Amino acid sequence: MQDHGNPKYGRKMQGKDERIHLGGTARTPEAVISLYFLGLEFAELPIEDPQKFRNDIHRYQAARQETGLYYLCHGPREGGPNDLKAIESVYFPKLTEIISLMPQLEMRVLTMHLWMDPRFLKRHTIQYKIGLLKRLTAVAQHAGIILCLENLSETAEHLAEVFSAVPLLKMTLDLGHAELLSEQNTSYGFLEQYPDRIRHIHLHDNRGGQSSEDDLHLPVGAGSIDFARIFEAIRTVGYNGTMTLELKPQEIEQCFDYVRTLLQR
């Protein structure tokens, strides 16, 4: 594997040194090591089963100590988006348990899925989920953790009520999801209307489409998303947070130079 070193993505904005940190998805401690040798600065750890993950915490601690990478966290899928009973009895407890585990790895940002698209969900379902987000942000705040809602098929207008009702809630802007179920990538709307809510960004490519099956998670540049234009919009709003390449390490290596070029622009 090629060692790209540990590049810094620096730029000047309004007289301040600002830098976007680039990381990758790591589903195993071994993947954390791979991300380090690619020159990334953090690993985003997906946790589907908090009980199983608990058994591996010591291995992730060792990988963190060996590499110096820091960790972000990605929560599990919600399951049936209209199954409120399961969301309350299974999904909510999973997320609260994950929040309780995160401090052991000094993870301070949790990205979560919770579908809020009014084109597909009933009104009472959305209202329940807003209440769930209020409870979760309170739990996260108590633990010193930032909770980020990831866009799935929603537009900025769809999430207006959510952000208004839950002031502490931040956002993970997924550029790949934003290409689906829309004639234009919906990232522009979020960047224009909610730049202060965007705490984290996910990078991966696809060819557009009208269903979840079109969420291909291709290497950046391998699909049809206009990343050069989106990165210009990201630069315009002055974003200087974190970006995760939601890809396997070998796929990250394929597009690493292209992503680095986008950042350096």
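Cut-off values and rules
Residues numbered from 1 in each chain as written. Predicted model: local features only at pLDDT ≥ 70, side-chain atom pairs only at ≥ 80, totals over all residues. Heavy atoms only, no water. Helix = DSSP H or I, 4+ residues; strand = E, 2+ residues; numbered from the N terminus. Contact = heavy atoms within 4.5 Å. Polar contact = N/O pair within 3.5 Å; in protein donor to acceptor, adjacent residues only side chain to side chain. Axes fitted to C-alpha atoms, helices over the stretch in contact; angles between N-to-C directions. Parallel < 35°, antiparallel > 145°, perpendicular 65-115°, else oblique. Left-handed = near helix turned anticlockwise from the far one by under 90°. Nonpolar A, V, L, I, M, F, W, Y, C, P; charged D, E, K, R; others polar. Phe/Tyr/Trp six-rings, centres within 6.5 Å; stacked < 30°, edge-to-face > 60°. Buried < 20%, exposed > 50% of the residue type's maximum accessible area, 1.4 Å probe, protein only. Lys NZ or Arg CZ within 6 Å of the ring centre and 35° of its normal. 1 Å grid on protein atoms, 1.4 Å probe; cavity = no way out; pocket = protein on both sides within 12 Å on 5 of 7 lines; lining within 4 Å. Points joined across faces, edges and corners; volume = space filled by probe spheres on them. pLDDT = per-residue confidence, 0-100. Salt bridge = Lys/Arg side-chain N within 4 Å of Asp/Glu carboxyl O. Pairing = 2+ DSSP bridges.

### Focus on the environment of Tyr70
Part 1 of the argument: Mapped onto the elements, Tyr70 comes out in strand S5 (residues 70-74).
Part 2 of the argument: Once residues within four sequence positions are removed from consideration, Tyr70 is found in contact with His21, Glu41, Phe42, Ala43, Arg64 and Thr242.
Part 3 of the argument: Here His21 takes part through its side chain, which lies 2.8 Å from a polar atom of the side chain of Tyr70.

### Regarding the packing of helix H1 (residues 29-38) against helix H2 (residues 50-67)
Each pair of packed helices can be described by the angle between their axes along with the distance between the axes.
Part 1 of the argument: Two elements in contact, H1 and H2, have axes separated by 9 Å at closest approach and are oriented at 15°. Overall, the two elements H1 and H2 adopt an arrangement that is roughly parallel. In the crossing of H1 with H2, the sense of the turn from one axis to the other is right-handed. Only Arg59, Tyr60, Ala63, Glu66 and Thr67 of H2 make contact with H1, whose side of the interface consists of Pro29, Glu30, Val32, Ile33 and Tyr36.
Part 2 of the argument: Partitioned by chemical class, the residues of the contact of H1 with H2 number six nonpolar, one polar and three charged.

### Concerning the packing of aromatic side chains
Part 1 of the argument: Under the definition given, this model contains six aromatic pairs.
Part 2 of the argument: Centroid distance Tyr60 to Tyr71: 6.2 Å. Interplanar angle 90°. Geometry classified as edge-to-face. In this pair, Tyr60 sits in helix H2 while Tyr71 sits in strand S5, placing the two residues eleven residues apart along the sequence.
Part 3 of the argument: Look at Tyr60 and you get buried, because its relative accessible area is 3%.
Part 4 of the argument: Each residue in the set Phe53, Tyr60 and Tyr71 is aromatic and connected to the rest through ring pairs, giving one cluster.
Part 5 of the argument: Above the face of the Phe92 ring, Arg135 is positioned so that its terminal group lies 4.6 Å from the ring centre.
Part 6 of the argument: A cation over an aromatic ring shows up here: Arg229 above the ring of Tyr188, its NZ or CZ 4.3 Å from the ring centre.

### Brief notes about the layout of surface pockets
Part 1 of the argument: The space that makes up the largest pocket amounts to roughly 850 Å³.
Part 2 of the argument: Lining the largest pocket are 32 residues; nearest its centre among them are Arg77, His113, His177, Asp215 and His217.
Part 3 of the argument: Contributions of two or more residues to the lining of the largest pocket are made by strand S4 (42-46) and helix H8 (249-264).
Part 4 of the argument: Considering only residue class, the lining of the largest pocket consists of eleven nonpolar, eleven polar and ten charged.

### Details of the confidence of the model for the chain
Part 1 of the argument: Counting all residues, the mean pLDDT for the chain is 93, and 93% of those residues have values of 70 or more.
Part 2 of the argument: Confidence drops under a pLDDT of 50 for residues 1-17, and excluding neighbours within four residues, the segment shows 48 contacts in the predicted structure.

### Considering the pattern of salt bridges
Part 1 of the argument: According to the stated counting rule, one finds eleven salt bridges in the structure shown.
Part 2 of the argument: One salt bridge connects Arg19 with Glu41, and the closest N-O pair in it is separated by 2.8 Å. On the criterion of sequence distance, the pair formed by Arg19 in strand S2 (residues 16-19) and Glu41 in the loop between H1 and S4 is long-range, its members being 22 residues apart.
Part 3 of the argument: The class of Arg19 is partly exposed, set by a relative accessible area of 26%.
Part 4 of the argument: Looking at Glu41, the relative accessible area reads 9%, which means it is buried.

### Description of the sheet that holds strand S6 (residues 109-112)
Part 1 of the argument: Read around the closed barrel, eight strands run S3-S4-S5-S6-S7-S8-S9-S10, paired in parallel fashion. Between one strand axis and the next, the sheet turns by 30° as a mean value, whatever way the strands run.
Part 2 of the argument: Here four bridges tie S6 to strand S7 (residues 146-150), and the two strands are oriented parallel to one another. Each residue of the ladder has a partner; that of Met112, found in S7, is Leu149.

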